[in-house]
Amino acid sequence: MINYTERIALLMEDIVARVPTLSFIDMGRIMVFGRAGRSDAEGAYATCHCVCLPASEPGYYFWRDRGTGNLTRRSEWFVTKSPVVTIGTKQIDYMISFTLPRFCDQMMSRSRKQVHYEGQPNWVAKLDTIVHELYHVDPERPGIRRMERADGTYCANSHGHRFFEDVVEMVKLYIASDPDPAVYDFLQYDFEELTARCGGVVGSTFRSFPSYPQRFTEVLNPQPAAPEGVTCRVEPLKVPRVMTRFTEDDLVIREFLPHTSRQLIRRGKFVAA
Ligand SMILES: [Zn+2]
């Protein structure tokens, strides 16, 4: 079987070693994991999740009277926080997820990338996606890279025209650097071909699959004083209980099939001592 997320992580290591714009990235602080996504359904191929953002400023929800505009009630104070994800002794800053098997079947001919890669093979669309997600890592501050427009303002959706062009440039630079085909050749096969060649496609996922570490809300305890001039009723905030810390023990290997996936039992794991 091919461990697809591991192969992507190894390829990413080679990319950040060869592409100067991405050389600041420490792959020890990036985790690649799999999410479910069918090839015949719409949806993202990959996503960059930042788990190193500091906690938000304290805030609260409030309700106003439509007539008078006065606050009628508010929620307790809360903050939003990033989960803590550690692998061994390293804290993870960014997680990059790939939807499987959809990503294996990404094609140049079906995407707007085609115009940038005339004459290039289909699998370069996947390389473009991988570089794209790495480019979301911000070199200066925790968070997703903000793209500056020509007028100095920032694009709301963190892409903007230049983002895509920069990615194309980096992809071409990587290919021109003459990397070892053994590092990237798995990209040339679609899901069916990989399954036939390798006997299956597996990837690292969280035990809680399909859920994975996400930013969460925490009610402040003790509660700060009421905001100045606000005397309305305070309602308790009901927040779902979620896991907030994750380690390598929370990772499992799943096999991805065309329409479903299943967790693999690690050999020896449940053998009695
Ligand atoms: Zn993006």
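The structure reproduced in this document is the subject of the present report. (Residues numbered from 1 in each chain as written. Predicted model: local features only at pLDDT ≥ 70, side-chain atom pairs only at ≥ 80, totals over all residues. Heavy atoms only, no water.)

**Notes on the overall build of the protein**
Helices and strands together make up the secondary structure of the protein, namely five helices and 15 strands. Based on the C-alpha atoms only, the size of the protein along its principal axes is roughly 65 × 65 × 35 Å. The buried share of the protein, reckoned over its 273 residues, is 42%. For the protein, the accessible surface area stands at approximately 15500 Å², while carbon and sulfur atoms represent 51% of it. For the protein, the centre of its 34 positive side-chain charges and the centre of its 34 negative side-chain charges are spaced 7 Å apart. (Helix = DSSP H or I, 4+ residues; strand = E, 2+ residues; numbered from the N terminus. Buried < 20%, exposed > 50% of the residue type's maximum accessible area, 1.4 Å probe, protein only. Areas by Shrake-Rupley, 256 points an atom, 1.4 Å probe, with all protein chains shown as cover. Lys, Arg positive; Asp, Glu negative; His and termini not counted. Charge placed at Lys NZ, Arg CZ, Asp CG, Glu CD.)

**Comments concerning the sheet that holds strand S13 (residues 245-246)**
The three strands are arranged S8-S7-S13 in an open sheet whose pairing can be described as mixed. On the outer flanks of this sheet lie strand S8 (90-91) and S13, each paired with one strand and no other. Examined bridge by bridge, strand S7 (residues 84-87) and S8 share two bridges and lie antiparallel to one another. Bridged to Thr 86 within S8 is Gln 91. (Pairing = 2+ DSSP bridges.)

**Details of the packing of helix H2 (residues 124-135) against helix H3 (residues 161-176)**
Viewed as axis vectors pointing N to C, H2 and H3 meet at an angle of 120°, and their least axial separation amounts to 9 Å. The hand of the H2/H3 crossing is right-handed. Note on element contacts: H3 touches H2 through Arg 162, Phe 163, Phe 164, Asp 166, Val 167, Val 168, Met 170, Val 171, Tyr 174 and Ile 175, opposite Val 124, Leu 127, Asp 128, Val 131, His 132 and Tyr 135. For the contact of H2 with H3, a count of residues per class yields twelve nonpolar, one polar and three charged. (Axes fitted to C-alpha atoms, helices over the stretch in contact; angles between N-to-C directions. Left-handed = near helix turned anticlockwise from the far one by under 90°. Contact = heavy atoms within 4.5 Å. Nonpolar A, V, L, I, M, F, W, Y, C, P; charged D, E, K, R; others polar.)

**Remarks on the nonpolar core**
One broad rule of soluble globular proteins: the nonpolar side chains tend to lie buried together. Within the largest apolar cluster, 49 residues are counted, with the highest numbers of intra-cluster contacts made by Tyr 4, Ile 15 and Leu 22. When contributions to this core are tallied by element, the ones reaching two or more residues are helix H1 (4-18), strand S2 (30-37), strand S3 (46-50), strand S9 (94-101), H2, H3 and helix H5 (191-198). For this core, the leading source of residues is H2, giving seven residues. Once residues lying within four places of it in the same chain are set aside, the contact partners of Leu 22 are Ile 15, Val 16, Val 131, Leu 134, Tyr 135 and Met 170. Residues Met 31, Met 95, Tyr 212 and Phe 246 belong to the second largest nonpolar core, which totals ten residues. (Core = buried A, V, L, I, M, F, W, Y, C linked by side-chain atoms within 4.5 Å.)

**Comments concerning H5**
The opening residue of H5, the one whose side-chain oxygen lies 3.2 Å from the backbone nitrogen of Glu 192, is Asp 190. Backbone geometry just downstream of H5 places Gly 199 in the positive-phi region, at approximately 80°. (Polar contact = N/O pair within 3.5 Å; in protein donor to acceptor, adjacent residues only side chain to side chain.)

**Focus on the sheet that holds strand S14 (residues 251-256)**
The four strands lie next to each other as S1-S10-S14-S15, forming an open sheet whose pairing is mixed. Edge positions in the open sheet fall to strand S1 (2-3) and strand S15 (261-263), since each of these has one partner strand only. Here strand S10 (residues 201-206) runs beside S14; their pairing, made up of six bridges, is antiparallel. Each residue of the ladder has a partner; that of Gly 203, found in S14, is Arg 254. Across the sheet, H5 lies against S1, S10 and S14, angled at about 105° from S10, the strand it touches most.

**Observations concerning the coordination of the zinc ion**
The coordination sphere of the zinc ion contains the protein donors His 132 (NE2), His 136 (NE2) and His 159 (NE2), at a distance range of 2.0 to 2.1 Å. In the primary sequence, the donor residues of the zinc ion line up as H-x3-H-x22-H. A residue pair is termed long-range when its members are at least 10 positions apart, and His 132 in helix H2 and His 159 in the loop between H2 and H3 qualify at 27 residues. With respect to class, His 132 is no different from His 159; both count as buried. (Donors = N, O, S within 2.8 Å, 3.2 Å for Na, K, Ca; no water.)

**Side note on unusual backbone geometry**
In the segment running from Leu 100 into Pro 101, the intervening peptide bond is cis, with an omega of 5°. Its place among the elements puts Pro 101 in strand S9. Cis geometry marks the peptide bond from Asn 221 to Pro 222, where omega comes out at 5°. Along the chain, Pro 222 turns up in the loop between strand S11 (216-219) and strand S12 (233-235). The residue Asp 178 is not glycine, and still its phi comes out positive at about 60°.

**Side note on the side chain of Asp 138**
Position of Asp 138 among the secondary structure elements: in the loop between H2 and H3. Ignoring anything within four residues of it in the chain, the contact list for Asp 138 reads Phe 24, Tyr 94, Gly 143, Ile 144, Arg 145 and Arg 146.

**Here we look at the pairing of S10**
Counted residue by residue, S10 has six buried out of six residues, so it is predominantly covered. The side-chain alternation of S10 yields two buried faces, one formed by Val 201, Gly 203 and Thr 205 and the other by Val 202, Ser 204 and Phe 206. Across two bridges, S1 lies against S10 in parallel orientation. Of the residues in S10, the one forming a bridge with Asn 3 is Val 202.

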